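The chain contents come next:
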There are 2 protein chains.
Amino acid sequence: MTDIPMPKYRQIADDLLKKIQTGIYPINALIPKEIELATFYGVSRPTIRQAIQLLVNDGYLDRRKKRGTIVRQRKIVQEFTHVIASYDQEMDNHGLIPMTKVIMFTTEVADNEVCERLNLPIDSIVFKLVRLRYANDQPIVIVTTYIPYSVVPHLSDYDFTAVSLYETLAANNTAVVRVQRRLEVIKADETVANLLNVQQNEPLFYFHTIGHTQDSGAIEYSIAKYRGDLNSFNIDVSL
Amino acid sequence: MTDIPMPKYRQIADDLLKKIQTGIYPINALIPKEIELATFYGVSRPTIRQAIQLLVNDGYLDRRKKRGTIVRQRKIVQEFTHVIASYDQEMDNHGLIPMTKVIMFTTEVADNEVCERLNLPIDSIVFKLVRLRYANDQPIVIVTTYIPYSVVPHLSDYDFTAVSLYETLAANNTAVVRVQRRLEVIKADETVANLLNVQQNEPLFYFHTIGHTQDSGAIEYSIAKYRGDLNSFNIDVSL
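These numbers come from a predicted model, not from an experiment.

All right, on to the interface of chain A and chain B then. Of the residues lining the interface, 49 residues belong to chain A; the matching set on chain B comes to 49 residues. For the pair chain A and chain B, the summed buried surface comes to about 4100 Å²; carbon and sulfur atoms form 57% of the total. Where chain A touches chain B, the interface holds six salt bridges. Its salt-bridge partner being B:Glu202, residue A:Lys187 comes within 2.6 Å of it at the nearest N-O pair. Our enumeration of links across chain A and chain B arrives at 14 residue pairs in polar contact (both at pLDDT 80 or more). Ranked by the residues each element gives to the side of chain A that touches chain B, the list is headed by strand E7 (residues 178-187) of chain A, at ten residues.

On to the relation of the copies chain A and chain B. Mapping chain A onto chain B calls for a screw motion: a turn of 180 degrees about the axis and a shift of 0.0 Å along it, with 0.1 Å RMSD after fitting. Here the symmetry operator amounts to a two-fold rotation axis. Nearest to the rotation axis, the C-alpha of A:Pro203 is located 2.7 Å from it, this being the minimum over chain A. Comparing interface residues between copies, 100% of those in chain A also lie at the interface in chain B; the contact surface is shared.

Residues and elements named next belong to chain B. Relative to the elements of secondary structure, Thr 161 occurs in the loop between strand E6 (138-148) and helix H7 (165-171). Accessibility expressed as a relative area gives 40% for Thr 161, which makes it partly exposed. Separated by 121 residues in the primary sequence, Thr 161 and Phe 40 place their C-alpha atoms 48 Å from one another. Residues in contact with Thr 161, not counting those within four places in the same chain, are Thr 100, Lys 101 and Val 102. Within the structure, the side chain of Thr 161 is placed 2.6 Å from the side chain of Asp 159, a separation counted as a polar contact.

Domain annotation for chain A reports domain 1 (8-71) and domain 2 (76-234). Centre-to-centre, using C-alpha coordinates, domain 1 of chain A lies 38 Å away from domain 2 of chain A.

Turning our attention to the pairing of E6(B). Residue and element names in this part refer to chain B. Burial analysis of E6 places ten of its eleven residues in the buried class, the great majority of the element. Direction of pairing for strand E5 (residues 125-135) relative to E6: antiparallel, over a ladder of ten bridges. Directly across from Lys 128, in E6, lies its bridge partner Tyr 146. Counted along the chain from E5 to the antiparallel partner E6, the turn is two residues long, and its residue Asn 136 has a positive phi close to 50 degrees. Sheet topology places E6 next to strand E9 (residues 218-227); six bridges connect them, and they run antiparallel. Residue pairing in the sheet places Val 141 in a bridge with Tyr 226 of E9.

Here eight strands make up an open sheet; going across it, the order is E4(A)-E5(A)-E6(A)-E9(A)-E8(A)-E7(A)-E10(B)-E3(B) and the pairing mixed. With one partner strand each, in any of the chains shown, strand E4 (98-109) of chain A together with strand E3 (76-79) of chain B form the two edges of the open sheet. Each adjacent strand pair in this sheet contributes to an overall mean axis angle of 20 degrees, direction not counted.

Ordered in space as E3(A)-E10(A)-E7(B)-E8(B)-E9(B)-E6(B)-E5(B)-E4(B), the eight strands form an open sheet in which the pairing is mixed. Looking at strand neighbours, the two that pair on one side only are strand E3 (76-79) of chain A together with strand E4 (98-109) of chain B, the edges of this open sheet. The mean angle between the axes of side-by-side strands here comes to 20 degrees, regardless of whether they run parallel or antiparallel. As judged from the ten bridges shared by strand E7 (residues 178-187) of chain B and strand E8 (residues 203-212) of chain B, these two strands associate in the antiparallel manner. Along E8(B), the bridge assignment pairs B:Glu184 with B:Tyr206.

Residues and elements named next belong to chain A. Within the secondary structure layout, Thr 209 lies in strand E8 (residues 203-212). For Thr 209, the side chain forms a polar contact with the side chain of Arg 181, separated by 2.7 Å. Beyond its immediate sequence surroundings of up to four residues, Thr 209 is in contact with Val 179, Gln 180, Arg 181, Glu 220, Tyr 221 and Ser 222.

Most peptide bonds are trans, and most residues other than glycine sit at a negative phi. Positive phi, normally seen in glycine, also occurs at A:Asn28, with a value near 75 degrees. For A:Asn28, the position within the fold is in the loop between helix H1 (8-21) and helix H2 (34-41).

It is worth spelling out the UniProt feature "domain: HTH gntR-type" (unreviewed entry) in chain A at this point. Following the UniProt record, one finds the feature "domain: HTH gntR-type" (unreviewed entry) at residues 6-74 of chain A. Helix makes up 51% of residues 6-74 of chain A and strand 12%, and the two end C-alpha atoms of the span are 25 Å apart.

In this section: the packing of H1(A) against helix H3 (residues 45-57) of chain A. Residues and elements named next belong to chain A. Relative to each other, H1 and H3 sit at 55 degrees, their axes nearing to 8 Å. Taken together, H1 and H3 sit at an angle that is classed as oblique. As for how H1 packs across H3, the hand of that crossing is right-handed. Across the interface between the two elements, Lys 8, Tyr 9, Arg 10, Ile 12, Ala 13, Leu 16, Leu 17 and Ile 20 from H1 touch Thr 47, Ile 48, Gln 50, Ala 51, Leu 54 and Leu 55 from H3. Class assignment for the residues of the contact of H1 with H3 results in ten nonpolar, two polar and two charged.

Across all of its chains, the model carries 20 salt bridges over all chains by this definition. Connected through shared salt-bridge partners, A:Glu34, A:Arg45 and A:Arg49 make up one network.

Parameters and conventions
- Residues numbered from 1 in each chain as written.
- Chains lettered and ligands numbered in written order.
- Predicted model: local features only at pLDDT ≥ 70, side-chain atom pairs only at ≥ 80, totals over all residues.
- Heavy atoms only, no water.
- Contact = heavy atoms within 4.5 Å.
- Buried area = accessible area lost by both parts, 1.4 Å probe.
- Salt bridge = Lys/Arg side-chain N within 4 Å of Asp/Glu carboxyl O.
- Polar contact = N/O pair within 3.5 Å; in protein donor to acceptor, adjacent residues only side chain to side chain.
- Helix = DSSP H or I, 4+ residues; strand = E, 2+ residues; numbered from the N terminus.
- Least-squares fit on C-alpha atoms with pLDDT ≥ 70 in both.
- Buried < 20%, exposed > 50% of the residue type's maximum accessible area, 1.4 Å probe, protein only.
- Domains from an automatic or database assignment.
- Pairing = 2+ DSSP bridges.
- Axes fitted to C-alpha atoms, helices over the stretch in contact; angles between N-to-C directions.
- UniProt positions renumbered as here; feature names shortened; annotations may be inferred.
- Parallel < 35°, antiparallel > 145°, perpendicular 65-115°, else oblique.
- Left-handed = near helix turned anticlockwise from the far one by under 90°.
- Nonpolar A, V, L, I, M, F, W, Y, C, P; charged D, E, K, R; others polar.

This is the structure we're talking about:
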């Protein structure tokens, strides 16, 4: 396959992509009509249609009935394992600027569910950390995390707008080395819709995560709601 | 923790769960009121409330405003890796009866997206296999799969209501040994809603999978839509 020159429609798709990435065609803007592009590139309309189809398939363009073809807000394609290890690093990898707001950071008496997940006796005290995480100023995910108070009582000294939870746990000899995650989908309720800046009932990823330390103790129980329109996750599985 | 006897509310939760699993409390039926259960088990209402909370958290029960507490349709918690390897086996593992309907099985000229994913020259011929898969007579997932015609031209001899695609590929010296999967969420459109027996706009898992053989060739491109209300996936990740 390496000997075959890149077909014309691929070259045009690459050129259109460059114009999208440099903002010549901004997000939600219409790109020129097929006939105009055909004239510009000196090719037939079917060739232009092939090039556009490729960018539609790859999620860069969207055909809108009657209006034409618009530039789409692309999803952030995250490596599933990476984003668990470090949200900030994974955003960096994609050239996106991460930002974290701490919505709530408190201690409370854990409810039964949290005690179950963290293998704690009933009515144990836990830290409750609620973070809203952004990429390029767009809200991406809201995460509620429970950590047993007894394990790292001085966790409250940290500012989780600035430091990573996993790095903080590692620095306190309680590194998370294995996570179990359950994947579900839900609709955004009113509160979450407001926080994530989406319409109510939009689909969200809904992940429950239990983080374990080396000695297999559960040290973290997190509930995350990711915007469905902005996120996608890649997983590689060897069978 | 092993020396502590199981708390009363846990014992009651286990007894209630047995009644759910044996159908004494069927799906969508109300369970008895808190006060009745307190009398029956000879405990306080807060203890009953704790037991019910546990079953709510685990997805067996659902509190409905004004009506009371009902038995929920539980999600099938699938091991992510297992269900990729074999849908039938994973359903078996959960005591569910798998069934597959072949909605379409044909050859066609692949569109550009499919050619890209399978590393095929433009306008290659592919098999297109559309399967609707069930567990206990409920539709769980609809999967559209593309396989290069040239690799296994006699694939059409097989009846995929009865045999597994991955086993068939393995039997033809083209075993899938590694898959790349992209996870997204979408809303059900009218067609998919009808096939999966859900309301339109309900959230679905939306997976794109490329299956690779040992020599790294892409041999399978699949697009799957899983019901969000019936499915959840477990993933274990070592960091």
